[in-house]
Amino acid sequence: MAYMSDDDYDYLFKVVLIGDSGVGKSNLLSRFTKNEFSLESKSTIGVEFAARSIQVSEKIVKAQIWDTAGQERYRAITSAYYRGAVGALVIYDVTRNATFENLERWLKELRDHTDSNAVIMLVGNKADLRHLRVVSTEDGKALAERENTFFMETSALESMNVDHAFTEVLTEIFHVVSRKALVAGDAVAVLPKGQTISVSMEDEVSALKKKVGCC
Amino acid sequence: MNSKDLIKRIFYGGLEHELRKEVWKFLLGYYEYESTYAEREYLESVRKLDYETIKSQWKSISVVQAKRFTKFRERKSLIDKDVVRTDRSVPYFEGDDNPNVIVLRDILLTYSFYNFDLGYCQGMSDLLSPILFVMRDEYEAFWSFVALMERLGPNFNRDQSGMHSQLFALSKLVELLDHSLHNYFRQADCLNYFFCFRWILIQFKREFEYEKTMHLWEVLWTHHLSEHFHLYICIAILKSHKKKIMEEQMDFDTLLKFINGLSNQIDLDSVIRDAEALCVCAGGNGAACIPPGTPPSCPVDLDAGLYDQQDDEIL
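What you are looking at is a predicted structure, and each value in this text was computed from that prediction instead of being measured.

*Asks:* I keep staring at the overall build of chain B and nothing clicks. Help me out?
*Replies:* The secondary structure content of chain B amounts to 16 helices and 0 strands. Taken over C-alpha atoms, the radius of gyration comes to 20 Å for chain B, in line with the 20 Å a tight globule of 315 residues would show. Seen through its C-alpha atoms, chain B measures out along the principal axes to roughly 60 × 50 × 45 Å. Sequence-distant contacts, at least 24 apart, represent 75% of the contacts inside chain B between residues at least 6 apart. As displayed, chain B offers around 13800 Å² of accessible surface, 51% of which is attributable to carbon and sulfur atoms. Of the side chains in chain B, 36 bear a positive and 48 a negative charge, and the two mean positions are spaced by 3 Å.

As structure tokens, this is what we get:
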């Protein structure tokens, strides 16, 4: 999968990364967008951004990824950043059970603030720390099934499954959007470049009009 | 030189680095301006002992005890995670097994025992780092940090009330000082000013390089012209990019991204000058925009517990 230039894309999707503090959100992001990993990268205050474009079914999809602060007391602020997100990676640390137990609350938070069609994936990060693992793959899968989300275990450190996780989410968003384009008479094809795509069930054209009106 | 002249000089020129250790203590309220040398010497000796006492409270927690002390374990784990990613590119904190990183951790853990209600919140390590860099001594850095947190503690309130009141005051000040910018933010649905959140939470620590941050902090801590000079700094930065923001019709997401991208791109000296002009121009009307008790002012109701006692359930 080639890295592409910033402005050359057919679709722009907003994706958020959420989960407890220290589960590796920022490193998953920097691994995906810059192929970098650092244990010394600063904690996220508020929100940070990065973008990368990938190819899906001959279209170029640009992911604008929002990396949020994990500590609970900042959630009132961070939830404001979910607006307009069409995908989310909800991340936990396979070596810390508390981060797994908190997933349901993150999911609730997410569903309260995003469209019901947003594509969600549970991501168990730090899978490289095999001897420290406390959350089994089976438990992760089971929760994902119960919550009706996608699931992947990753290691930002070893670069394991990181591209795979993001690509799967982006591809799924692409499919959701494409299916609706068919229903709505191919409205998506006429979206101006740079328009963030909404996956709400509203009529695509009216949703687009509203978006243009507000920005 | 009397304290007023001193404050003015710092406001207009900052401090030589060698003077910071001594003078920051006055600016932070760790020393009183009227104190004598002997009084300060005595205070130091008391504080050194007091620090050791508080520190020993967590130092003496055994493994068996820690197993039954979830809050301690959670806080310690969060602090451990944050200190290793705080300013590691600054030479003072650079490299593996750097003892200064351990000191940073010890002070934050001790603070979480000194102020158990507030505990540890992300962002605190950013505030402590330059203080430790200046003070070098562990106990002096601790008490200087305590003095700073007397002012900035409400930034970390669990209900975020301290942050909300500052963001609210900021919106009122922009309305007063730049009506067209205010109208733009209103129609773009950006009046929550969340895009200034990081600026205020950690006093622009992530927006300037290390030395510049220390300069800005001592200017802010003088409280010359206004206790809330940091809000005028926010406005000065926003105004300097007003044309771009409005011409490009930035919406909330775009604005947030744009403001984040300003990190290390802001000319501090011109921003301080502009903020001063704005503050003078706003005068009493500006002060009236800021409700009593807005941090870093003291809370209005001192009888109530200083901090919300419920801890984060997710750390």
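*Asks:* Please explain empty space enclosed by the protein as it appears in this structure.
*Replies:* Rolling a probe over the atoms, with the probe sized like a water molecule, indicates the empty space that remains. Residue and element names in this part refer to chain B. Tallying each qualifying case throughout the model produces 5 cavities of 30 Å³ or more. Estimates place the volume of the largest cavity at around 80 Å³. Residue assignment for the lining of the largest cavity shows that the elements contributing at least two residues are α11 (197-201) and α15 (252-260). Approximately 70 Å³ is the volume attributed to the second largest cavity. In terms of lining, the second largest cavity is formed by Leu148, Arg151, Leu152, Gln203, Leu220, Trp221, His223, Glu227, Phe229, His230 and Pro296. Those elements giving two or more residues to the lining of the second largest cavity turn out to be α8 (138-152), α12 (210-221) and α13 (229-240). It is α8 that contributes the most residues to the lining of the second largest cavity, 3 residues altogether. Split by residue class, the lining of the second largest cavity holds 6 nonpolar, 3 polar and 2 charged. When residues of the lining of the second largest cavity are assigned to domains, at least three map to each of domain 1 (16-153) and domain 2 (161-288).

*Asks:* Mind showing me how you'd approach the interface of chain B and chain A here?
*Replies:* When the parts of a complex come together, some accessible area is lost, and that lost area is often taken as the interface size. With 37 residues of chain B at the contact, the number on the chain A side is 33 residues. Interface area, chain B with chain A, both sides summed: about 3400 Å², of which 51% is carbon and sulfur. Applying the counting criterion to the chain B and chain A interface returns 6 salt bridges. Put simply, Lys14(A) and Asp253(B) hold a salt bridge, and the shortest N to O gap is 2.9 Å.

Conventions adopted
Residues numbered from 1 in each chain as written. Chains lettered and ligands numbered in written order. Predicted model: local features only at pLDDT ≥ 70, side-chain atom pairs only at ≥ 80, totals over all residues. Heavy atoms only, no water. Helix = DSSP H or I, 4+ residues; strand = E, 2+ residues; numbered from the N terminus. Rg over C-alpha atoms; globule rule 2.2 N^0.38 Å. Contact = heavy atoms within 4.5 Å. Areas by Shrake-Rupley, 256 points an atom, 1.4 Å probe, with all protein chains shown as cover. Lys, Arg positive; Asp, Glu negative; His and termini not counted. Charge placed at Lys NZ, Arg CZ, Asp CG, Glu CD. 1 Å grid on protein atoms, 1.4 Å probe; cavity = no way out; pocket = protein on both sides within 12 Å on 5 of 7 lines; lining within 4 Å. Points joined across faces, edges and corners; volume = space filled by probe spheres on them. Nonpolar A, V, L, I, M, F, W, Y, C, P; charged D, E, K, R; others polar. Domains from an automatic or database assignment. Buried area = accessible area lost by both parts, 1.4 Å probe. Salt bridge = Lys/Arg side-chain N within 4 Å of Asp/Glu carboxyl O.

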